[in-house]
Amino acid sequence: DISHNELRLVKKEAFVAVSIYLHMLDLSDNKLDADSLEKECFKGGMDEQGNFDLFIIHLSLAKNRLHTVHKDLFKYLTYLDELDLSHNPLAPLDQDFVDAINSIKSLQSLTFREVGLEYLPQDFLIGLEQFKEIDLAGNCFTQVDPQLRKLINLQSLNLDTNLMQSLDEESFSGLTNLQNLSVSDCPRLRFVDQLTFEDQNDLRFLRMRKNSELTWISPDAWLTHSRMESHLIELDISDNGLPYLPSTLLHSFSDWKTIQVINLQGNPWMCDCHNEFLIYDLVPMIYNNTPALTQNILCNGPRESHLIKEELMIVQEITQQSELKCTHEKFSFYVRTYNLEDEFPNDMRMERRTKDALPLAIVLTCFIAITGTTALVVYLYLQKKKLSVNIRRPRRDNPAPRVAYFPANFPSGAGYVRQKDEPTSTTEEISMSYRDNEHNNESQNAPNQNLAGNEVLAPKSATTIGNDMERSSSSTGIQNPNCTIEDELKS
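Bear in mind that the values here come from a model prediction, so they are computed numbers and not experimental data. (Residues numbered from 1 in each chain as written. Predicted model: local features only at pLDDT ≥ 70, side-chain atom pairs only at ≥ 80, totals over all residues. Heavy atoms only, no water.)

Caption draft 1: Region of interest: unusual backbone geometry. Here the residue pair Ala91 and Pro92 is connected by a cis peptide bond, since its omega of -10° sits within 30 degrees of zero. For the bond running from Gly301 to Pro302, omega is 0°, close enough to zero to count as cis. With respect to the helices and strands, Pro302 occurs in the loop between α3 (276–289) and α4 (312–318). One non-glycine residue, Thr161, adopts positive backbone phi at about 55°. Tracing the backbone through its elements, the reader meets Thr161 in the loop between β6 (156–158) and β7 (166–167). Residue class for Thr161 comes out partly exposed when judged on its relative accessible area of 41%. With a phi close to 60°, Tyr338 is a non-glycine residue in the positive phi region. Considering the arrangement of structural elements, one finds Tyr338 in the loop between α4 and α5 (345–392). (Helix = DSSP H or I, 4+ residues; strand = E, 2+ residues; numbered from the N terminus. Buried < 20%, exposed > 50% of the residue type's maximum accessible area, 1.4 Å probe, protein only.)

Here's what the structure looks like:
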């Protein structure tokens, strides 16, 4: 097991040392592409007969990057039974890939899940007489590919999650050895036509479940009253859109008793006279074999019925057959709409589509909410960032006003105060205005005394300040005859 790694290259004769003992090789979930697998990477050591075969029985190359392979890549895998190439971008299959697969004469099982296939090449899987099983789930087939009809020995076929709209008598024609068939999770499958399983007398396991649009299975899907006995062991038609189930679906009524597992859960069954076989015969039969499988077999109509949402096992206990309504004279199991176009199919399909659309609506609502919240957070962040930039950087069209500088010892009582809307003055203008204001104050205010007879100290004039500065300079030994009050104010 070398899966879930970062392998990008498998060199020539990479497994020679273990060629005798290696029977299962898992190279899935790596990074291998067409050039990563060298031509003779699966070449083994020479045996007594001079062969270089590897004894690998099971090989998985799933979940890689393969879009094709060398036509001789599997040349030495003469014992290979099972090959898994799922989850690779293989579609469409080129001729080298087809030749590589056709060269594995011992191949019995091939898994091709989710590789994007819409069709199979004409000569694909031709000449493989031992081939018995193929898994084509998760691809894009709109019909059962005609190439499959050439695989006359095919015993197991998986067509889950494809795009078929119907199954008919051509779908599985010629596959007389088919024993295991699965056609589930097909969102477009609507009906199963007559003679669809005409050639499948050996069919043992039939699974047609979770097909939300499947509303009709023809009463003649098998050959009715054929002398051939049915070999069905398991019949799973759960979680579809089936409202009715005809008693003549199988070869004969006794064939229902030989089926060990019958799963009818999750369908919108009608509780009227057209489903008497289902309610009073088949459901009790299921209860005797597998009681758990009767718990979700519910009544879904008619609309006016008081039995809606009751389990059919309870319905058959509390009602008599004569009590079931039977109002539709034109009803027919052989018509895809049961001749109930005006009452049943539209309501049923609307209910099924509403049920299927609910998870999608929830996911879409959550996505819109998350997207809206993210956009709001981003918008608020950008607005906050823009506001912070505007606060830090003044606008160019309205610069900050210029404010004059005053020394720390500049008198505060009689200084110049710039009036509103007055342009900013120069230092010289401030000095002259200050002296004018001081002169006016001195002329108006003679030596004043307060009421208590204490002297009121008048603010010093600019001249006084200048004299004080000269005396201070003389005391410190610094002489600067050119220093004036204007210079001081400027400093």
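Caption draft 2: Broad picture of the sheet that holds β7. The 3 strands are arranged β7-β9-β11 in an open sheet whose pairing can be described as parallel. The open sheet has two free edges, formed respectively by β7 and β11 (216–217), since each of these has just one partner strand. Here β7 runs beside strand β9 (residues 191–192); their pairing, made up of 2 bridges, is parallel. Across the sheet, Leu167 pairs through a bridge with Val192, a residue of β9. (Pairing = 2+ DSSP bridges.)

Caption draft 3: Inspection of the confidence of the model for the protein at higher detail. Overall, the predicted model of the protein reaches an average pLDDT of 82, with 75% of residues at or above 70. Below a pLDDT of 50 lies the segment residues 424–428, which in the model reaches 7 contacts outside its immediate sequence neighbourhood of four places, other chains included. This stretch, residues 472–482, has a pLDDT under 50; its non-local contacts, to residues over four places away or in other chains, come to 3 contacts. (pLDDT = per-residue confidence, 0-100. Contact = heavy atoms within 4.5 Å.)

Caption draft 4: Representation of the state of the cysteines in the model. Summed over the entire model, instances satisfying the criterion amount to 2 disulfides. Between the sulfur atoms of Cys271 and its disulfide partner Cys299 the distance amounts to 2.3 Å. Note that Cys271 is positioned in the loop between β13 (261–263) and α3 and Cys299 in the loop between α3 and α4, a separation of 28 residues in sequence. Each disulfide pairs two cysteine sulfurs, and for Cys273 the partner residue is Cys326, the sulfurs being separated by 1.9 Å. Taking the sign of the torsion about the S-S bond as the criterion, the disulfide between Cys273 and Cys326, at about 60°, is right-handed. Of this pair, Cys273 sits in the loop between β13 and α3 while Cys326 sits in the loop between α4 and α5, placing them 53 residues apart in sequence. The exposure class assigned to Cys273 is buried, which follows from its relative accessible area of 14%. When the cysteines of the protein that form disulfides are numbered from the N-terminus onward, they connect as 1-3, 2-4. (Disulfide = S-S within 2.5 Å.)

Caption draft 5: The sheet that holds strand β5 (residues 133–135), seen in detail. With respect to topology, 10 strands assemble into an open sheet ordered β1-β2-β3-β4-β5-β6-β8-β10-β12-β13, the strand pairing being parallel. Since the sheet does not close on itself, it has two edges, and those belong to β1 (24–26) and β13, each with one partner. The sheet shows a mean angle of 5° between the axes of neighbouring strands, taken without regard to direction. Relative to strand β8 (residues 180–182), β6 runs parallel, the two sharing 3 bridges. Among the inter-strand pairings, Leu157 is bridged to a residue of β8, identified as Leu181. (Axes fitted to C-alpha atoms, helices over the stretch in contact; angles between N-to-C directions.)

Caption draft 6: Looking closely at the nonpolar core. With 94 residues, the main nonpolar core has Phe42, Phe74, Phe112 and Trp256 as its most contacted residues. Setting aside its immediate chain neighbours within four residues, Phe112 contacts Leu85, Ser86, Leu90, Leu93, Phe97, Leu117, Phe124, Asp135, Leu136, Ala137 and Asn139. (Core = buried A, V, L, I, M, F, W, Y, C linked by side-chain atoms within 4.5 Å.)

Caption draft 7: How the structure looks around a nonpolar patch on the surface. A surface patch of nonpolar side chains, about 340 Å² in accessible area, is lined by Leu364, Phe367 and Ile368. With respect to the helices, strands and loops of the structure, Leu364 is situated in helix α5. (Patch = residues over 30% accessible without salt bridge, like charges linked within 9 Å, V, L, I, M, F, W, Y side chains within 5 Å. Areas by Shrake-Rupley, 256 points an atom, 1.4 Å probe, with all protein chains shown as cover. Salt bridge = Lys/Arg side-chain N within 4 Å of Asp/Glu carboxyl O.)

Caption draft 8: Main features of the packing of aromatic side chains. Scanning the entire structure with this criterion turns up 14 aromatic pairs. Ring geometry for Phe97 versus Phe112: centroids 5.9 Å apart, planes at 35°, classification tilted. Placement of Phe97 in helix α1 (residues 95–102) and of Phe112 in the loop between β4 (109–111) and β5 is noted, with a sequence separation of 15 residues between them. Each member of the pair, Phe97 together with Phe112, is buried. Lying across the ring of Phe52, Lys43 places its NZ or CZ 4.4 Å from the centre. Geometry around Phe191 places Arg336 over its ring, the cationic atom sitting 3.6 Å from the centre. (Phe/Tyr/Trp six-rings, centres within 6.5 Å; stacked < 30°, edge-to-face > 60°. Lys NZ or Arg CZ within 6 Å of the ring centre and 35° of its normal.)

Caption draft 9: Local environment of α3. Given a rise of 1.5 Å per residue, 14 residues ought to cover 20 Å, and the 20 Å separating the end C-alpha atoms of α3 matches this to within 8%. At Leu282, α3 is deflected by roughly 35°, the largest bend along its length, and proline Pro284 occurs up to four residues later in sequence. As for α3, its buried residues are in contact with α2 (254–257), β13 and α4. (Expected span 1.5 Å × (residues − 1). Bend = angle between axes of the 7 residues up to and from the residue.)

Caption draft 10: Expanded view of the side chain of Ser230. Positionally, Ser230 belongs in the loop between β11 and β12 (234–236). Overall, Ser230 belongs to the buried group, its relative accessible area being 13%. Within the structure, Ser230 has its side chain in polar contact with the backbone nitrogen of Leu232 (distance 3.3 Å). Those residues in contact with Ser230, other than ones at most four positions away along the chain, are His251, Asp255 and Thr258. (Polar contact = N/O pair within 3.5 Å; in protein donor to acceptor, adjacent residues only side chain to side chain.)

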